[in-house]
Every structure is written in structure tokens, then in C-alpha cells.
Amino acid sequence: MIKDMHQTQQFTSFEKIPVTIMNKAEEACKLVSAEIAALIRTRQQQNTVAVLGLATGSTPLKIYQELVRLHKEEGLSFKNVICFNLDEYYPLAPESLQSYRHFMQENLFKHIDINPENCHIPNGQVSLEEVKQHCEAYEERIKSVGGIDFQLLGIGRNGHIGFNEPGSHISSVTRLITLDKVTRFDAAAEFSGIANIPRKAITMGVNTILSAKRIVLLAWGERKADIIKLAVEGPVSDFVPASYLQTHHNSTIVLDEVAAANLTRKKTPWLTEDVVWTDQLIKKAVIHLALSCQKPILKLTNNDYNENGLSSLLVLHGNAHDINIKVFNALQHTITGWPGGKPHADDTYRPERAEPIRKRVIIFSPHPDDDIISMGGTFQRLADHGHDVHVAYQTSGNIAVADDEAFRFVEFVKDYNSQFNINAPDADKIYEQSSSFLKQKKNAEPDIAALRQVKGLIRKGEAKNTCRFVGILDENIHFLNLPFYETGTIEKKPIGEEDIQIIASLIQHIKPHQIYAAGDLADPHGTHKVCLDGIFAALDRIKHLDFMKDCWLWLYKGAWAEWDIDAIEMAVPMSPEQLLKKRYGIFKHQSQKDGVVFQGTDSREFWQRAEDRNKATAELYNNLGLAEYEAMEAFVRWHY
Ligand code: F6R
């Protein structure tokens, strides 16, 4: 079980709660589900109940899938299970699509043999006068069945557990609370916009949670890495309610590698254990040292190394001067204005091969604008250098177009037809259907098929416009419309056979020397991750083919993050003019400008995010003592 597991894992003096780190969320979920299943089975043998505290949100989804599998394939019965959910939005009807009651029903309860009377979730519909009594009754009910045996938790980006937002007291119990701004932002996608999210919620209190006999908090992905560091290594504080778990005698935090990335043992492992000094780790340590001493690499001294926990590096690899030069050169070699390779140049220390001079390239773009947002400068450079550049838009991106924008186009077609006396009854029908659908469309309701297609067409047109702007031939633009995406809702299907085949056959057809893909490995449920899974699966299938020996895969990051500087293997600089041109390329995506459907917590427009990030990368290189560029795009090579 997890408890045994973490005992075999290294502890560090920095971590104040036992932490188990697994490679992937999937493996972690199997482990946690096995502990839950063992508890249920033990209680069955003892002829008694198992009381579970359950969470909702994206984090525990795979736990529920695994529990359902255990039920269906391994006969795990839930007849002796009583469960209590952490929270519910208020006010919100239980039948509403966004309610946690609906979530639990769809993702767990309806698939297992649990007695519905044993499924407790705060009621988001009780009247204000009744709330207090409802919360007290919830607490009483938990106590009456002997308390919670196993409490499952997620963590909000602000450190909340349940909906115990920052400021919650350690002795708080089930109550009505006001949701934090960050929480509401994070829920905006499910509610189709922040305005539709309830302002309050009923949540179990911190004390209710800490009274559980066993607590497991899960976190996956990059989004959670900062808050996990605070919860695990920071002080116990009401600013980070998850830090209260430090006071519990039997809690474990289970993470995937990416959510654990900011823990001291991962970020600066030389501070917590005897490390093997590989070239990569030396690079990471020296960059970290330079940034924390705020010095360029070539100015770091033996003293800096000694005072910052790096004396073992000096002992093994000579003096600061030699190590500095080695790391400086390694960084220098990542910079190139020739992402497709520099013709006739010695390429020993260049990120890309000089040969063949004219390369065939596929840029995979998960949505119709990721190519230009995330690697627009490189895209342009590859085209300018005469490579045979293809762009493959993996999904239609149709759910991210606003209703009024789509209707504008439907109306345009109708007006256009009438202006030019074109008789098009089907277009009129689509106009009528769309108009009446939109008038009564409910919050987050999937669109009718015709409207979805219109939205997809809008994005297709914008992508074509960008490609023309960059100078890509029409026949080199590929719209894959991968089926996994076409659910009409935010929730997507996992990658399927048909998706993989579409990707594989395009690669086989073009036989590229370079593939660029969005490498958002850290985004556990998002479209980017599924698109990448599709590419990995396709490559796995065709990697034995002859042309694949010459095909290199470069990963870029999506709109919101950048690779750690020590991981970057190719950095493509941009001049101020080139950066401006990239901005104009992004402007072609008009449906994604001036406030988008899924804005998230970042209120900047995509072009601003891209520029800020590309400028920050250039600044980092410059701070480390390398040349000063206006902006840079960064890539990591993936060896498949
Ligand atoms: C849900 C809950 C919340 C979530 C947290 C993380 O019942 O109580 O604390 O666990 O907001 O949400 P996700 O998993 O969607 O990132």
C-alpha cells in the first residue's frame, strides 16, 4: 500500500508530510485505488462498513475509473461502503450538469453497486435558513457511522482542500463558505464563464477532514507544482489550508513527477542526497546557482559553489572556472537562428543537422493557433529558409468560439445569399436552427451539430489565414479533425485507434525530417496532452520504417508555460521585427482575441502571453551571461 511505499522512498528534511511520487497519475491512481479496495474488503470480512470521504474535480477521475474497473472486473462490491463528499456549490440544483452530485453519479455511483442511501453529498439547494442545520446534520451523520476511514483529497491552486479556502481555520467544520477568486477562475470552463459560477459552496471543514483516520491528497500536473511545494515544505498556515495535513498522523501526499517538480528533492536534489553528477545535472545545478546568486555563469566562484551546497561538484569536477565554461558552452550551443539546420556548416555543436539542406517538416498544432502562438518565430524561419513546411491542425478547436461570433457568420451567409439572389434553402435552415437554439441555449449545453461545424470552419479559416501570412502552400495545410475531440463538451475522449491512424498516415505520407509537437506533458486532461499521446502512439507504430531513422521530434510548449531553462535543447532567437510579425500572425485568430471563451486565470491575450514568455526566455539566457536577444522560442528534443 502507499504507506509501505513511502517508507521505501527517501525522506528529506524539507518535507513535512510523507510524499509518494509516481511517474504518472495513472500508476498513482492504481496504487491509491488498491488501498481503498483493500480497506473495503477488510471491512467486508469484518462484516462492517467502510466510510469514504470523496472529492470531485479532475484529479480523482482516474481513481473512480479504477474503482469501477475493480468492481466490474474483479468483483469489488461497494455494498458496505458509506461515502461523504467534501463539498457542493451553493446554490446549485443537484440535477444541474455542474453539480458535484451529477459528477459523482456519472463518474462513480451509477457504475457500482453502492446503496444510493449511503451516498452523501451536501445539498446545494437547501434554503439559506436551513443551511446551518443541514451542515450540522452532515457532521452528525459522519460521526454516527463512526467517522471517515479514508479521506481522498485534491488541492486547489490556492491550497484549498475541499472548499476550505485560504483563511479557513483548523477547527472549522461543515459550513457555507464564499469561494475564492482563484477557485472560481478554475471552475470557469465547466460553467462556461466566470459569471455563471455560484459564489458560495458548502464544504466539510478542515477539522472534519483532519478527523479522518487516513488522508490521501492527490495532485497531478504542472499547475499544482507551486502549491504542493508550499503545502509540503512550507509552514502550517491558514494561507495554505493543505498545509494543515502536516498536523495529521496518517496522511500521505501522492504526486506525479510534474506536480512534484518544485520539491527540494527534485528541484535541487544535491541539497537532499548524494547525487551522481551527470552533465545534465551539472548544467541544472550551475544554472540554478547562477540564478540564485544573480550572477552570469562565467562569474561564479569556488566560494559561490561551496556556500550553496555544491562543494561535492567542485571535489569531483575541478574548479568553478572549468565547470562554468563547460555549462556556458552547453547553453551557447542550444542557440540557433537555423531551426532547420544551417546549410554547409559544421553541425557538431548545433542543435540540428545541416543535412539535408531542405528538410520536410510537420508542425503539429493541437488547436488551430498553437503553431503561431507557441512557435511562430520558428515556423516563419523554417518557411523563410525554404524548408518544405507542413502544418497539421489536430483538432477543430470548435468549442472555443463564442456563440455570437458563430452566429455572425451564419447570418453573414444568409445575408450574402439574399444580397446576391442565391437560393440556398439549407443555409436558411441552418440560420433558423441556430437562431432558435441559441435563444434557449442553457449554460454549458453542447451546441447543435451545425453550429459546431460553423465554429470549426471559423477556426479553420483563421488557421489558413495565418499559414498564408507565413507563406505556407495551401496543399501543405492539413486539418486532421481528430475524432477524440468532437464531443461538443470540454470533456474529451481519450485518444483512439482512428486518431492514431490519421496521425500515422500523415507522417508516412510526408516522411518528415523534423516533427514539431506541443509537448505539454504536464497537462493531464487537456487536449494538448491527448494530441501528444496520439503522436507518441503513431510514432511508436511506424518508428521501424526506414525514413523514421532521419526524423527528429522537437517539442514546444503550449501557450502558458516554458521549458525549464536547463532542459532547453534548441533556443531560436527573434529580433524585435520578427517578434512583431509573430504578433500579427497571432492576430489572424480573431475568434480568440479580445476575451476568449476559455480565458482561465490569465487575463492576458494570447499574443501577450507569447511575447512575455519569449522575452522572459531571452532574458534568462542574458542573465546567465549569454547574448542579449529580444525574444526566444524554446524546444526540447524527444527521443522516441
Ligand atoms: C472537490 C474539491 C476541491 C478540488 C480541488 C482540485 O471536491 O473539494 O478541493 O479537489 O479544487 O480540483 P481539480 O482536481 O479539478 O484540480
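All chains use their own residue numbering, which begins from 1 and follows the written sequence. In keeping with the predicted nature of the model, local features appear solely for residues at pLDDT of at least 70, side-chain atom pairs appear and are counted solely at 80 or more, and the whole-chain, interface and lining totals rest on all residues. As a convention, hydrogens and water are excluded, and side-chain values are obtained from all of the structure's heavy atoms.

Asker: Whenever I open this one, the side chain of Thr617 confuses me. Can you help?
Answerer: Secondary structure counts use DSSP, requiring at least four H or I residues in a row for a helix and at least two E residues in a row for a strand, with both numbered from the N terminus. Looking at the secondary structure, you find Thr617 in helix α21 (residues 606-623). Discounting chain neighbours no more than four positions away, the residues touching Thr617 are Glu562, Ile568 and Met632. Two residues form a contact once any of their heavy atoms are found within 4.5 Å.

Asker: Help me out: how do you make sense of the sheet that holds strand β17 (residues 631-638) in this one?
Answerer: Strand pairing in a sheet is mediated by backbone hydrogen bonds. Such pairs are either parallel or antiparallel. Strand order across the open sheet formed by 7 strands is β13-β12-β11-β14-β15-β17-β16, with mixed pairing between neighbours. Strand pairing shows two members of the sheet lacking a second neighbour, β13 (477-479) and β16 (570-574), which therefore form its edges. Direction aside, neighbouring strands of the sheet carry axes that sit 25° apart on average. One bridge is not enough; two strands pair if DSSP finds at least two bridges between them. Here strand β14 (residues 514-518) runs beside strand β15 (residues 552-556); their pairing, made up of 5 bridges, is parallel. Considered in β15, the bridge of Ile515 is made with Leu553. Axis definition: a line fitted to C-alpha atoms, limited for helices to the stretch in contact. Angles are taken between N-to-C directions and run from 0 to 180 degrees. The sheet strands contacting helix α19 (residues 527-542) are β11 (360-365), β14, β15 and β17, and the helix crosses β14 at an angle near 150°. Seen against the sheet, α21 touches β16 and β17 and runs at an angle of roughly 85° to β17.

Asker: Mind showing me how you'd approach the site of the ligand here?
Answerer: Residues are classed as near a molecule or strand on a simple rule: at least one heavy atom within 4 Å of it. As a matter of local geometry, the ligand sits amid 15 residues, with Thr56, Thr59, Asp87, His160 and Lys224 nearest to it. Contact between the ligand and Arg223: an oxygen atom at 3.2 Å from a side-chain N or O atom of the residue. Polar contact is defined as a pair of N or O atoms within 3.5 Å, subject to the rule that within protein one atom must be able to donate a hydrogen and the other to accept it, and that residues adjacent in sequence are counted only when both atoms are side-chain atoms. Lys224 is positioned such that a nitrogen or oxygen atom in its side chain is 2.6 Å from an oxygen atom of the ligand. Expressed as a share of its isolated accessible area of 410 Å², the protein-covered part of the ligand is 89%. Any residue outside Ala, Val, Leu, Ile, Met, Phe, Trp, Tyr, Cys, Pro, Asp, Glu, Lys and Arg is labelled polar, Gly included; the first ten of those are nonpolar and the last four are charged. Class assignment of the residues belonging to the shell around the ligand gives a composition of 4 nonpolar, 8 polar and 3 charged. Methods summary: accessible areas were calculated by the Shrake-Rupley approach with a probe of 1.4 Å, and residue burial reflects only the protein chains presented.

Asker: Can you walk me through the sheet that holds strand β8 (residues 200-203) in this structure?
Answerer: If you trace the 3 strands from one edge of the open sheet to the other, you get β4-β8-β7, paired in antiparallel fashion. Sheet topology places β4 (87-90) and β7 (175-178) at the edges, where each strand pairs with a single neighbour. Geometrically, the sheet is characterised by an average inter-axis angle of 30° between neighbouring strands, direction not taken into account. Across 4 bridges, β7 lies against β8 in antiparallel orientation. The residue bridging Ile177 from the neighbouring strand is Ala201, located in β8. Across the sheet, helix α5 (residues 128-144) is in contact with β4, β7 and β8; its angle to β7 comes to roughly 120°.

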